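Observations on the model geometry
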Amino acid sequence: MKIWYQCKAKYSKENEEGILKQTSELHLVDAVSYTDAESRIYGAMERTVSGEFQIMTISKTNISEVINFEDADYWYKCKVQYSTVDGDSEKEVKITTYILTSAESVKDAYEKVEKSLDNMLVPFEISSITKTNLVEVFPEMDEEEIPDNLTPVSELQDEVSEEEEELID
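**Some thoughts on the side chain of T101**
Among the structural elements, T101 can be located in strand 6 (residues 92–103). Among the polar contacts listed, one links the side chain of T101 to the backbone oxygen of I67, at a separation of 3.3 Å.

So, in structure tokens, the structure goes:
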């Protein structure tokens, strides 16, 4: 299960009049620990912010899944509830999970979460949807998502082995 950390960054940003103004923004990163979250947010902020910045807070969230759509500008936190039967006690247990989705409106967020959960075998209820102040979400990169300008280490090792063989011959 992924662990999502909310990070608050503070830096100077130029407004429409060209005046530098202090701003604080919330970002979400997928990480395995607070240290990893700090490292990842520093790396992300170095790529996106010119000048100095500070990471003010890092806190663990209760978000279990993030659904990102490129066509949406806002992030909505959706509370989803469903019931299941406990295997030991045979009693019905209510499960609550939180899903973050990018959407243009509350209705759009509802529809996107409902569509992503339509393969669930148990009935579920989207009991609340809240618009967040998150600016950007930085998920962990999967191996399949390696950017075009980078080469996987396994391929580099094959190239090195071939070069070593040529040197030996």
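**Description of the nonpolar core**
If you look at the biggest cluster of nonpolar residues, it comprises 14 residues, and the most contacted ones within it are V29, I41, M45, F53 and I55. Dropping the residues within four chain positions of it, I41 is found in contact with C7, H27, V29, I55 and F138. Formed by 10 residues, the second largest nonpolar core is a distinct cluster that contains I67, I99, A103 and A109.

**Focus on the pattern of salt bridges**
Within this structure, the stated rule accounts for four salt bridges. Of the charged contacts in the structure, one is a salt bridge between K2 and D30, with a shortest N-O distance of 3.6 Å. With a gap of 28 residues between them, K2 in the segment before strand 1 (3–14) and D30 in strand 2 (residues 20–31) connect regions that are remote in the sequence. Looking at K2, the relative accessible area reads 38%, which means it is partly exposed. In this structure, the salt-bridge partner of E25 is K13, at a minimum N-O distance of 3.5 Å. With a gap of 12 residues between them, E25 in strand 2 and K13 in strand 1 connect regions that are remote in the sequence.

Thresholds, definitions, all that
- Residues numbered from 1 in each chain as written.
- Predicted model: local features only at pLDDT ≥ 70, side-chain atom pairs only at ≥ 80, totals over all residues.
- Heavy atoms only, no water.
- Helix = DSSP H or I, 4+ residues; strand = E, 2+ residues; numbered from the N terminus.
- Polar contact = N/O pair within 3.5 Å; in protein donor to acceptor, adjacent residues only side chain to side chain.
- Core = buried A, V, L, I, M, F, W, Y, C linked by side-chain atoms within 4.5 Å.
- Buried < 20%, exposed > 50% of the residue type's maximum accessible area, 1.4 Å probe, protein only.
- Contact = heavy atoms within 4.5 Å.
- Salt bridge = Lys/Arg side-chain N within 4 Å of Asp/Glu carboxyl O.

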